Amino acid sequence: MKALTMKALPLLLLLLAPALAAQTTSSPSVGSAPIPEWVLDEMAQMIGRWEADNSAYQSDNEPFDAYGIEWMWGLGQKSVVGRLFAIQDGEDIGSFWQFRQYWHPGEGKVIAFQIGSDGSVGIGEHVRTGDNQSETLQTFYDPTNGSTYRTGHRTEFRDGAQHTQSFNVDENGTWTERRSYVFRKVD
């Protein structure tokens, strides 16, 4: 059996060579869009640890001094992976959300995906709205009762900080302001 396998290996490689070569070509497949340079530039700008003061929103139910967002590169530096966490007395006390943002070559757009500590899932499109400005619209799915809701975020990188405004988005597409934070890089 071993001798048969060793004799068959060159023939198998010869038969598979065209298929393997087709997978390694550099031309995009039909319906595939190359990643725009602005997407890679924005991702590079996101990398690192960012913190925002939460004093304007502190309460008995939300005693956190600050929130942090930490971004790192995904595989091949073509996506970013992140998390949102709470900070109390200068200490990271745990994550609420995990994020992934990536270019979807088949759809030709940036996808923002996140999973919450309660099992909620949010997914939507992230678009460039201007120099150093972007907007994200996501639909969230609640695993406990099956409900859905939409939120939006508008972010601008300026003065070395991420200025972020969050919104509730109703069924008519109307954006209603919720909170705003200024995340400053701390690493």
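This one's a predicted model, so the numbers in the text were calculated from it and none came from an experiment. (Residues numbered from 1 in each chain as written. Predicted model: local features only at pLDDT ≥ 70, side-chain atom pairs only at ≥ 80, totals over all residues. Heavy atoms only, no water.)

A. Region of interest: the packing of aromatic side chains. In the structure shown here, the tally under the stated rule is 11 aromatic pairs. Measuring from centroid to centroid gives 6.0 Å for tryptophan 50 and phenylalanine 157, while their planes differ by 70°, and the two rings are edge-to-face. Placement of tryptophan 50 in strand β1 (residues 48-53) and of phenylalanine 157 in strand β8 (residues 148-158) is noted, with a sequence separation of 107 residues between them. Residue tryptophan 50 is classed as buried on the basis of its relative accessible area, which comes to 3%. Among the aromatic residues, those joined into a ring-pair cluster are Tyr57, Phe64, Tyr67, Phe96, Tyr181 and Phe183. The side chain of arginine 83 reaches across the aromatic face of phenylalanine 85, ending 4.1 Å from its centre. Across from the ring centre of tryptophan 175, 4.3 Å away, lies the NZ or CZ of arginine 154, which sits over that ring. (Phe/Tyr/Trp six-rings, centres within 6.5 Å; stacked < 30°, edge-to-face > 60°. Helix = DSSP H or I, 4+ residues; strand = E, 2+ residues; numbered from the N terminus. Buried < 20%, exposed > 50% of the residue type's maximum accessible area, 1.4 Å probe, protein only. Lys NZ or Arg CZ within 6 Å of the ring centre and 35° of its normal.)

B. Layout of the confidence of the model for the protein. Confidence in the prediction of the protein, expressed as mean pLDDT, is 89, and 84% of residues score 70 or more. The model gives residues 9-25 a pLDDT under 50, and that stretch makes zero contacts with residues more than four places away or in other chains. (pLDDT = per-residue confidence, 0-100. Contact = heavy atoms within 4.5 Å.)

C. Inspection of the sheet that holds strand β5 (residues 109-116) at higher detail. Strand order in the closed barrel formed by 10 strands is β1-β2-β3-β4-β5-β6-β7-β8-β9-β10, with antiparallel pairing between adjacent strands. On average, adjacent strands in this sheet sit at an angle of 25° to one another, irrespective of strand direction. Looking at chain direction, β5 and strand β6 (residues 121-130) are connected through six bridges and run antiparallel. Paired with phenylalanine 113 across the strands is isoleucine 123, a residue of β6. (Pairing = 2+ DSSP bridges. Axes fitted to C-alpha atoms, helices over the stretch in contact; angles between N-to-C directions.)

D. Expanded view of helix α2 (residues 37-46). Along α2, the residues that are buried comprise Val39, Leu40, Glu42, Met43 and Met46. The buried residues of α2 occupy one face: seen down the axis, they fall within an arc of 165°. Two residues or fewer past α2, glycine 48 is found with a positive phi of approximately 125°. (Arc of directions from axis to C-beta.)

E. View of the pairing of β5. Here eight bridges tie strand β4 (residues 91-104) to β5, and the two strands are oriented antiparallel to one another. When the sheet's bridge partners are listed, phenylalanine 99 is paired in β5 with glutamine 114. Following β5, the chain reverses through four residues before pairing antiparallel with β6; glycine 119 in that reversal takes a positive phi of roughly 90°.

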